[in-house]
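# An overview of the molecular structure
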Amino acid sequence: MHHFDNIPPVPLTLEGASMLHQMLRVRWPEWRALTATRREEILAQAAQALTNMEGQGSAAFSLLGHKGDLMLVHFRQNFDQLGEVQRTLRHLALWDFMEQTTSYLSVVELGLYESTAKVYGSLAERGVEPHTPEWDAEIEDNLKRQRQAMHPRLFPEMPPHPYICFYPMDRRRGEHQNWYQVPLAERQRMMGDHGAIGRRYAGAVKQIITGSIGFDDWEWGVDLFAEDPLVFKRLIYEMRFDEVSAIYAQFGAFYIGQRTPVAELGKLLRL
Amino acid sequence: MHHFDNIPPVPLTLEGASMLHQMLRVRWPEWRALTATRREEILAQAAQALTNMEGQGSAAFSLLGHKGDLMLVHFRQNFDQLGEVQRTLRHLALWDFMEQTTSYLSVVELGLYESTAKVYGSLAERGVEPHTPEWDAEIEDNLKRQRQAMHPRLFPEMPPHPYICFYPMDRRRGEHQNWYQVPLAERQRMMGDHGAIGRRYAGAVKQIITGSIGFDDWEWGVDLFAEDPLVFKRLIYEMRFDEVSAIYAQFGAFYIGQRTPVAELGKLLRL
Amino acid sequence: MHHFDNIPPVPLTLEGASMLHQMLRVRWPEWRALTATRREEILAQAAQALTNMEGQGSAAFSLLGHKGDLMLVHFRQNFDQLGEVQRTLRHLALWDFMEQTTSYLSVVELGLYESTAKVYGSLAERGVEPHTPEWDAEIEDNLKRQRQAMHPRLFPEMPPHPYICFYPMDRRRGEHQNWYQVPLAERQRMMGDHGAIGRRYAGAVKQIITGSIGFDDWEWGVDLFAEDPLVFKRLIYEMRFDEVSAIYAQFGAFYIGQRTPVAELGKLLRL
Amino acid sequence: MHHFDNIPPVPLTLEGASMLHQMLRVRWPEWRALTATRREEILAQAAQALTNMEGQGSAAFSLLGHKGDLMLVHFRQNFDQLGEVQRTLRHLALWDFMEQTTSYLSVVELGLYESTAKVYGSLAERGVEPHTPEWDAEIEDNLKRQRQAMHPRLFPEMPPHPYICFYPMDRRRGEHQNWYQVPLAERQRMMGDHGAIGRRYAGAVKQIITGSIGFDDWEWGVDLFAEDPLVFKRLIYEMRFDEVSAIYAQFGAFYIGQRTPVAELGKLLRL
Amino acid sequence: MHHFDNIPPVPLTLEGASMLHQMLRVRWPEWRALTATRREEILAQAAQALTNMEGQGSAAFSLLGHKGDLMLVHFRQNFDQLGEVQRTLRHLALWDFMEQTTSYLSVVELGLYESTAKVYGSLAERGVEPHTPEWDAEIEDNLKRQRQAMHPRLFPEMPPHPYICFYPMDRRRGEHQNWYQVPLAERQRMMGDHGAIGRRYAGAVKQIITGSIGFDDWEWGVDLFAEDPLVFKRLIYEMRFDEVSAIYAQFGAFYIGQRTPVAELGKLLRL
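Right, let's walk through the structure included here. These numbers come from a predicted model, not from an experiment.

### Here's the deal with the overall build of chain A
- Tallying secondary structure elements over chain A gives 10 helices and nine strands in all.
- By principal-axis analysis of the C-alpha atoms, chain A measures approximately 80 × 40 × 35 Å.
- For chain A, with 271 residues in total, the buried portion stands at 61%.
- Approximately 10,700 Å² of chain A is accessible, and the part contributed by carbon and sulfur atoms is 50%.

Next comes the structure, spelled out in structure tokens:
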């Protein structure tokens with residue numbers, strides 16, 4: 001039996017759907033300055049395009065607070081398709097009345113901390129050196145099997161819940177507390193404890209984690225979906241005390257939205 | 001008698017009214033460019049809607065300084081109703097002359113540090129394991145009783161005082177000083193000392209604490225109401241020296257407003 | 001003789017005039033687009049209101065740099081009167097051509113570190129417990145006497161010097177260096193050393209300290225007035241090395257203005 | 001054999017092409033307000049200028065997210081030529097419909113950590129003192145040879161890959177962890193380990209490092225080019241665990257773009 | 001011989017010319033919307049005023065990147081004259097087409113670390129107490145002599161080099177590393193090492209240091225002038241490793257400009 005000092009610190013990770021959040025503020029004065037007829041024309045054009053998008057993995061949420069009036073959330077197969085989403089939206093007349101206050105670009109991600117320990121352990125036991133062809137092949141094979149098994153989680157449907165909570169986050173890289181210097185086994189244990197809290201809320205909250213390292217300004221995006229928005233607070237407050245969050249989580253802005261089917265967008269935009 | 005290492009670190013917490021603060025800046029040039037007649041029409045329409053809102057838990061405050069001309073504060077039963085508030089405001093002609101510079105979304109919160117110690121202690125003594133059905137039932141039962149007893153504090157009336165001070169805050173999560181790693185008993189003690197200062201000001205300041213973890217960019221919002229705004233400074237300065245504030249409090253922007261009954265909004269907006 | 005562990009950490013503090021700084025940027029293109037006649041009308045209206053304000057504790061300064069063209073500084077009896085100042089300004093036609101880039105709200109403050117030590121010491125010697133009625137009465141009595149003695153410093157005239165330097169500041173609350181955890185006697189000593197530097201500049205610089213805890217985003221505002229603006233730099237540079245500033249001072253933006261009597265505002269605004 | 005304590009800490013460094021990134025947001029309402037004929041005229045003028053630029057080391061990328069609609073990336077011989085690029089763009093009618101949200105100015109840089117160790121070692125062995133004429137001549141001679149050998153890497157062609165990832169970064173200068181105080185040999189070792197990860201991705205990712213100390217607000221800019229944008233995430237995530245990144249890397253905003261040949265810019269801008 | 005514990009920590013410092021940097025962005029759409037004739041009229045008026053300013057210590061630089069199109073740099077005798085510069089510029093019709101994105105206000109400064117050690121040492125040896133009339137007189141006498149000797153450095157001509165690099169900086173005041181707590185002799189030694197690097201670049205880079213404590217948001221401004229802008233990078237990179245910079249320097253934004261004589265401003269602004 002061999003032991004490697006150079007076992008990779010990166011957990012095995014699966015990527016799925018590409019995801020774009022767009023936070024939009026309506027330019028109310030310009031919108032209101034139109035005639036009612038023109039507004040209806042513009043809404044009709046937008047409704048058609050957005051209904052089409054709803055069928056392809058998009059949804060609209062009306063936001064609470066000043067960060068925007070509307071948040072569009074898009075799941076797609078890849079970045080090319082997200083580019084297509086952007087082009088479609090820009091070509092709508094409605095787009096002139098929308099200011100994109102912010103956005104978030106990421107891909108659905110599953111961090112396989114438990115599998116990682118097993119696979120790396122098994123490879124090490126058999127004396128397979130990291131990054132050799134044999135190692136790479138076995139890792140790729142393992143990822144492929146998991147990718148198939150977890151396809152529904154990697155390419156999720158838009159959850160049907162009426163409320164969404166979105167926020168980006170980082171793992172801390174402080175001068176004294178640095179996630180990226182914690183041994184893999186420690187990280188695995190902390191992520192396990194963290195997951196256990198999530199599972200107690202599984203009936204009330206649907207959670208989708210996306211990775212954005214290299215894509216956007218934070219490392220991960222978190223989307224929570226629920227019937228009762230108070231559950232977001234309870235879940236996140238409870239998690240704030242677990243080790244991985246208390247020490248290593250850093251949070252960006254929080255966005256709270258209420259699902260607005262395209263058929264009801266007029267309720268928001270009609271005057 | 002049993003002792004658990006896994007007694008939850010989260011204090012029992014009650015949630016009440018949903019709350020939205022909206023900071024608004026008047027677009028003076030556009031507003032002044034209207035005819036006096038048109039301004040009166042717009043004010044009349046707004047007065048009707050805002051008077052109605054005043055009856056449902058809203059109030060207007062004129063702000064001191066550049067952060068806005070007006071702050072609207074809304075207490076409601078839930079987020080759905082806050083969404084309704086937003087829709088009503090957007091449909092006012094006045095809204096075209098208002099820029100929402102910022103906002104804050106939260107829910108009235110009571111952190112039951114003292115009860116928590118008793119209840120968790122009693123459950124532990126009787127050997128009830130955390131998160132078992134028995135534990136959950138007893139906790140939920142306790143919360144239900146407290147929720148009833150504290151209903152007036154959870155769903156407060158808008159205090160009648162002429163001055164408001166609003167600010168958001170976080171508990172520090174530093175690399176060396178981290179609120180979320182302090183044992184529950186320590187936190188209970190510090191919150192007790194903190195509360196003792198507040199009680200000495202009880203006659204002069206009405207305080208409402210709201211929780212915003214998962215809802216907005218800080219963890220809590222604090223609203224203080226008083227006759228004499230100097231009391232805000234004395235209270236907050238004194239608290240800054242208590243342990244929980246000195247070490248663990250981090251503050252956002254401060255907003256100072258003067259209550260402006262809707263009937264007098266014209267005083268602000270008439271030229 | 002008694003010794004109390006619970007001697008309050010807050011120094012005795014007097015509050016005086018309420019103060020508002022308003023930094024204004026002229027909307028030059030819109031202003032220049034007016035006819036000369038209209039500009040003169042607007043200036044005449046503004047001159048009347050501002051001359052009136054000058055008589056009540058206001059002054060105008062033209063700023064150096066991009067942070068604004070003009071800074072209005074207002075001393076008043078209370079926040080109500082500052083609210084009145086804001087209403088008067090908003091009703092001027094000139095206001096449409098001014099963008100308020102920032103502002104600062106505070107009250108003149110005297111921190112009585114030396115008296116505090118004496119009074120607390122004397123009360124402790126006589127065995128009077130903090131926050132008992134006897135304690136409160138004696139403290140209030142002491143404050144009342146000092147408030148009368150220091151009335152001119154608490155409600156200052158606008159200093160006549162041609163240059164102003166304004167900046168907000170905080171006392172540090174770091175994880176290792178935290179002003180609010182330093183014993184009162186230590187703070188008293190450091191503030192004494194700090195004051196000694198100021199006294200060496202007393203002939204050249206008039207200093208007014210205002211407190212803004214609970215009112216604005218920093219804890220204190222500092223206004224310096226001088227004939228020669230180089231003295232601001234020498235004073236602040238020298239102070240930066242004293243213990244209380246070196247370790248505990250954190251500074252916001254600096255604003256440098258030149259006094260512009262209302263009678264000469266036309267020099268700035270006429271084209 | 002001599003040993004110097006004053007061996008310079010700066011690694012030998014080669015500079016190549018000057019590089020400018022320009023992030024642009026289309027002013028859609030103003031653009032859409034034009035007649036289709038006028039838009040075509042403007043596009044025709046722009047297409048000619050941009051096609052010309054493509055031949056000189058420029059490329060256009062359509063961005064994902066709100067940070068901009070378009071990113072122009074320019075390689076040139078020197079800053080004079082980048083100034084010329086700016087003048088050409090400003091003179092296009094299209095420029096009125098573009099808002100430059102941000103930019104990045106840097107020069108292609110190769111840090112020769114391995115050569116540095118050898119050259120400094122050899123000079124020290126022969127007793128040549130740093131910064132003497134002999135030292136300077138030998139260093140300059142070495143740099144000249146390397147500059148010739150590495151000319152293609154110093155003045156790269158625009159990589160042909162469809163996806164780009166750009167981000168700026170700093171080396172940490174914390175109070176406890178400070179890259180600029182780490183001995184040269186330690187830095188060389190860490191950069192070697194870092195490079196080894198990069199080499200495993202060489203087939204999938206083309207990387208261009210530019211230096212911006214003295215030119216822009218971060219110390220380095222990183223451009224990655226790939227067929228599959230998921231590779232950006234995998235590479236950067238894996239690197240985040242290596243010592244030099246985990247401890248010493250600090251990252252700015254991330255920009256993800258899709259190559260858009262000038263011939264297809266109309267696809268983005270035509271309505 | 002006496003030794004004082006209270007030798008002042010502030011180095012002797014000379015102040016010279018007052019300096020204002022103004023970063024300007026052209027409002028291209030509004031500018032382009034004018035007729036060519038009107039643009040020429042406006043340019044003619046501006047050329048006259050700016051040519052006049054060039055004769056009084058001002059220069060224009062076209063900027064690279066999005067931070068602005070133009071940077072005006074003004075040396076004057078005092079702040080009154082800088083105020084006059086601002087008034088002159090605001091009265092140009094061209095000013096309506098310029099947005100001042102930022103600015104920097106400072107005075108040329110020479111920190112006399114070496115003289116300080118000698119003078120303080122000599123005074124201490126002779127038993128002269130700090131801040132006594134004798135001390136003050138001798139210090140003032142010394143400063144007066146140095147002020148005369150260094151007049152050309154205190155009131156510099158605008159260097160003729162084609163490239164400028166400007167950035168503001170602070171000395172660190174961290175919780176563990178704090179420049180303002182380092183003994184004077186230590187600071188003198190570090191500044192000496194720092195200066196030695198600068199001297200090796202003296203032929204290639206002209207450096208002007210200005211102090212801005214009390215005037216602007218950073219403590220110092222640095223202007224570098226060179227033929228070849230790559231030298232900025234080499235100098236600043238090399239300095240980043242010296243002790244005073246590695247540990248104590250904190251940098252603001254960097255601005256790179258190319259000298260544009262007023263006679264050639266039309267090249268930038270003509271369409």
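### Things to note about the relation of the copies chain D and chain A
- The transformation that overlays chain D on chain A combines an axial shift of 0.0 Å with a rotation of 72°, and the residual RMSD is 0.0 Å. Between the two chains, the operation in question is that of a five-fold axis.
- An overlap of only 7% is found between the interface residues of chain D and their copies at the interface of chain A, pointing to separate contact surfaces.

### Overview of the interface of chain E and chain C
- Across the contact, 43 residues belong to chain E and 41 residues belong to chain C.
- Among the residues chain E hides against chain C, the three largest losses belong to Arg 90, Arg 173 and Glu 175 of chain E. Together they make up 19% of the total.
- Where chain E packs against chain C, one counts eight salt bridges.
- Measuring nitrogen to oxygen at the nearest pair gives 2.8 Å for the salt bridge that ties Asp 69 of chain C to Arg 90 of chain E.
- Inspection of the chain E/chain C interface yields 26 residue pairs in polar contact (both at pLDDT 80 or more).
- Every element with two or more residues in the side of chain E that touches chain C is listed here: strand 1 (13-26), helix 3 (79-90) and strand 4 (98-111) of chain E.
- Here the residues of the side of chain E that touches chain C sort into 16 nonpolar, 15 polar and 12 charged.

### Notes on the arrangement of the chains
- Looking at chain A next to chain C, you find no contact at all, with the nearest C-alpha pair sitting 13 Å apart.
- With no contact between them, chain C and chain D keep their nearest C-alpha atoms 13 Å apart.

### Some points on the interface of chain D and chain A
- Listed by partner, the interface residues are 41 residues for chain D and 44 residues for chain A.
- The junction of chain D with chain A conceals about 3,900 Å² of combined surface from both sides, 55% of it contributed by carbon and sulfur atoms.
- When the area that chain D buries against chain A is broken down by residue, the three leading residues are Lys 233, Tyr 237 and Phe 241 of chain D, summing to 21%.
- Joining chain D to chain A, the criterion identifies eight salt bridges.
- Here the side of chain D that touches chain A takes eight residues from helix 8 (residues 230-240) of chain D, the largest share from any one element.
- A per-class count over the side of chain D that touches chain A returns 21 nonpolar, eight polar and 12 charged.

### A short note on the environment of Ser 103 of chain A
- Within the element layout of this structure, Ser 103 of chain A appears in strand 4 (residues 98-111).
- Each residue touching Ser 103 of chain A, except ones within four places of it in the same chain, is listed here: Leu 20, His 21, Gln 22, Met 23 and Asp 216 of chain A together with Gly 65 and His 66 of chain D.
- Within polar-contact distance, the side chain of Ser 103 of chain A engages the side chain of His 66 of chain D at 2.6 Å.

### Considering the packing of helix 4 (residues 113-125) of chain E against helix 7 (residues 184-200) of chain E
Residue and element names in this part refer to chain E.
- Two numbers describe how helix 4 lies on helix 7: the axes approach to 9 Å, and their chain directions differ by 145°. For the pair helix 4 and helix 7, the sense of crossing is left-handed. Contacts from Tyr 113, Glu 114, Thr 116, Ala 117 and Tyr 120 of helix 4 reach helix 7 at Leu 184, Arg 187, Gln 188 and Met 191.
- Residues belonging to the contact of helix 4 with helix 7 are distributed by class as follows: five nonpolar, two polar and two charged.

### So, the relation of the copies chain E and chain C
- Once chain E is rotated about the relating axis by 72° and shifted along it by 0.0 Å, it coincides with chain C to within an RMSD of 0.0 Å.
- The share of interface residues of chain E whose copies in chain C are also at the interface is only 7%, consistent with the copies meeting through different surfaces.

### Remarks on the pairing of strand 9 (residues 255-259) of chain E
Residues and elements named next belong to chain E.
- Burial analysis of strand 9 places four of its five residues in the buried class, the great majority of the element.
- Pairing analysis gives three bridges linking strand 2 (residues 58-63) to strand 9, with the strands arranged antiparallel. In the sheet register, Leu 63 faces strand 9, and the bridge partner there is Gly 257.
- With four bridges connecting them, strand 5 (residues 163-171) and strand 9 associate as antiparallel partners. Looking across to strand 9, one finds that Phe 166 is bridged to Tyr 255.

### Quick notes on the pairing of strand 3 (residues 70-76) of chain D
All names here are of chain D.
- Among the seven residues in strand 3, seven count as buried, and that is most of the element.
- In terms of strand pairing, strand 1 (residues 13-26) meets strand 3 through seven bridges, oriented antiparallel. Bridge pairing in strand 3 links Leu 20 to His 74.
- Summarising the sheet, strand 2 (residues 58-63) and strand 3 pair through five bridges and their orientation is antiparallel. Following the sheet pairing, Phe 61 is matched in strand 3 by Met 71.
- Where strand 2 hands over to strand 3, the hairpin turn is made up of six residues, of which Gly 65 adopts a positive phi near 100°.

### Side note on the environment of Arg 234 of chain D
- With respect to the helices and strands, the residue Arg 234 of chain D is situated in helix 8.
- By relative accessible area, Arg 234 of chain D is classed as partly exposed at 34%.
- Taking C-alpha positions, Arg 234 of chain D is 25 Å from Leu 72 of chain D, a pair spaced 162 residues apart along the chain.
- Filtering out sequence-adjacent residues up to four positions away, Arg 234 of chain D remains in contact with Glu 15 of chain A together with Tyr 201 of chain D.

### So, the packing of aromatic side chains
- Applying the stated criterion across every chain, the model contains 70 aromatic pairs over all chains.
- Centroid distance Phe 79 of chain A to Tyr 163 of chain D: 6.4 Å. Interplanar angle 65°. Geometry classified as edge-to-face. With Phe 79 of chain A in helix 3 (residues 79-90) and Tyr 163 of chain D in strand 5 (residues 163-171), this pair bridges two chains. Each member of the pair Phe 79 of chain A and Tyr 163 of chain D is classed as buried.
- Aromatic rings pair up to connect Tyr 180 and Trp 220 of chain A together with Tyr 237 and Phe 241 of chain D into one cluster.
- In this structure, Lys 67 of chain A is placed above the aromatic ring of Tyr 255 of chain A, and the distance from its NZ or CZ to the ring centre is 5.3 Å.

### A word on the packing of helix 4 (residues 113-125) of chain C against helix 5 (residues 133-149) of chain C
Residue and element names in this part refer to chain C.
- For the pair helix 4 and helix 5, interaxial distance at closest approach is 11 Å and the crossing angle is 150°. Classified by the angle their axes make, helix 4 and helix 5 are roughly antiparallel. Once helix 4 is placed against helix 5, the crossing between them reads as right-handed. Together, Ser 115, Val 119, Tyr 120, Ser 122 and Leu 123 of helix 4 and Trp 135, Glu 138, Ile 139, Asn 142 and Gln 146 of helix 5 make up the contact between the two elements.

### As for the pattern of salt bridges
- Overall, the coordinates contain 90 salt bridges over all chains when judged by the stated rule.
- Note that Asp 216 of chain E is salt-bridged to Lys 67 of chain C, the shortest N-O span being 3.2 Å. Placement of the pair is Asp 216 of chain E in the loop between strand 6 (205-211) and strand 7 (220-226) and Lys 67 of chain C in the loop between strand 2 (58-63) and strand 3 (70-76), with the two residues belonging to separate chains.
- Judged by its relative accessible area of 7%, Asp 216 of chain E falls in the buried class.
- For Lys 67 of chain C, a relative accessible area of 14% puts it in the buried group.
- Across the pair Asp 141 of chain C and Arg 145 of chain C runs a salt bridge whose closest N-O atoms are separated by 3.5 Å. Pair noted here: Asp 141 of chain C and Arg 145 of chain C are both in helix 5, with a separation of four residues, about one helical turn.
- Through salt bridges with shared partners, one network takes in Glu 15 and Glu 109 of chain A together with Lys 233 and Arg 234 of chain D.

### Re helix 7 of chain E
Residues and elements named next belong to chain E.
- An ideal rise of 1.5 Å per residue puts 24 Å on 17 residues; helix 7 measures up with 25 Å between its terminal C-alpha atoms.
- Those residues of helix 7 not exposed but buried are Leu 184, Arg 187, Met 190, His 194 and Ile 197. End-on, the buried residues of helix 7 take up no more than an arc of 140°, which puts them together on one face. Among the exposed residues of helix 7, those pointing more than 90 degrees away from its buried face are Ala 185 and Arg 199.
- On its buried side, helix 7 packs onto helix 4, helix 8 (230-240) and helix 9 (243-248).

### Brief notes about the side chain of Ser 62 of chain E
Residues and elements named next belong to chain E.
- With respect to the helices, strands and loops of the structure, Ser 62 is situated in strand 2.
- Only 3.4 Å separates the side chain of Ser 62 from the side chain of Thr 260, close enough to count as a polar contact.
- Excluding anything up to four places from it in sequence, Ser 62 contacts Asp 69, Leu 70, Ile 256, Gly 257, Gln 258 and Thr 260.

### Considering the side chain of Gln 22 of chain E
Residue and element names in this part refer to chain E.
- Summarising the element assignment, Gln 22 is placed in strand 1.
- For Gln 22, a relative accessible area of 1% corresponds to the buried category.
- One polar contact links Gln 22 to His 74, side chain to side chain, over a distance of 2.9 Å.
- With residues up to four places along the chain from it excluded, the contact list for Gln 22 reads Leu 70, Met 71, Leu 72, His 74, Gln 86, Leu 89, Trp 95, Gln 100, Thr 102 and Ser 103.

Scoring rules and cut-offs
Residues numbered from 1 in each chain as written. Chains lettered and ligands numbered in written order. Predicted model: local features only at pLDDT ≥ 70, side-chain atom pairs only at ≥ 80, totals over all residues. Heavy atoms only, no water. Helix = DSSP H or I, 4+ residues; strand = E, 2+ residues; numbered from the N terminus. Buried < 20%, exposed > 50% of the residue type's maximum accessible area, 1.4 Å probe, protein only. Areas by Shrake-Rupley, 256 points an atom, 1.4 Å probe, with all protein chains shown as cover. Least-squares fit on C-alpha atoms with pLDDT ≥ 70 in both. Contact = heavy atoms within 4.5 Å. Buried area = accessible area lost by both parts, 1.4 Å probe. Salt bridge = Lys/Arg side-chain N within 4 Å of Asp/Glu carboxyl O. Polar contact = N/O pair within 3.5 Å; in protein donor to acceptor, adjacent residues only side chain to side chain. Nonpolar A, V, L, I, M, F, W, Y, C, P; charged D, E, K, R; others polar. Axes fitted to C-alpha atoms, helices over the stretch in contact; angles between N-to-C directions. Left-handed = near helix turned anticlockwise from the far one by under 90°. Pairing = 2+ DSSP bridges. Phe/Tyr/Trp six-rings, centres within 6.5 Å; stacked < 30°, edge-to-face > 60°. Lys NZ or Arg CZ within 6 Å of the ring centre and 35° of its normal. Parallel < 35°, antiparallel > 145°, perpendicular 65-115°, else oblique. Expected span 1.5 Å × (residues − 1). Arc of directions from axis to C-beta.

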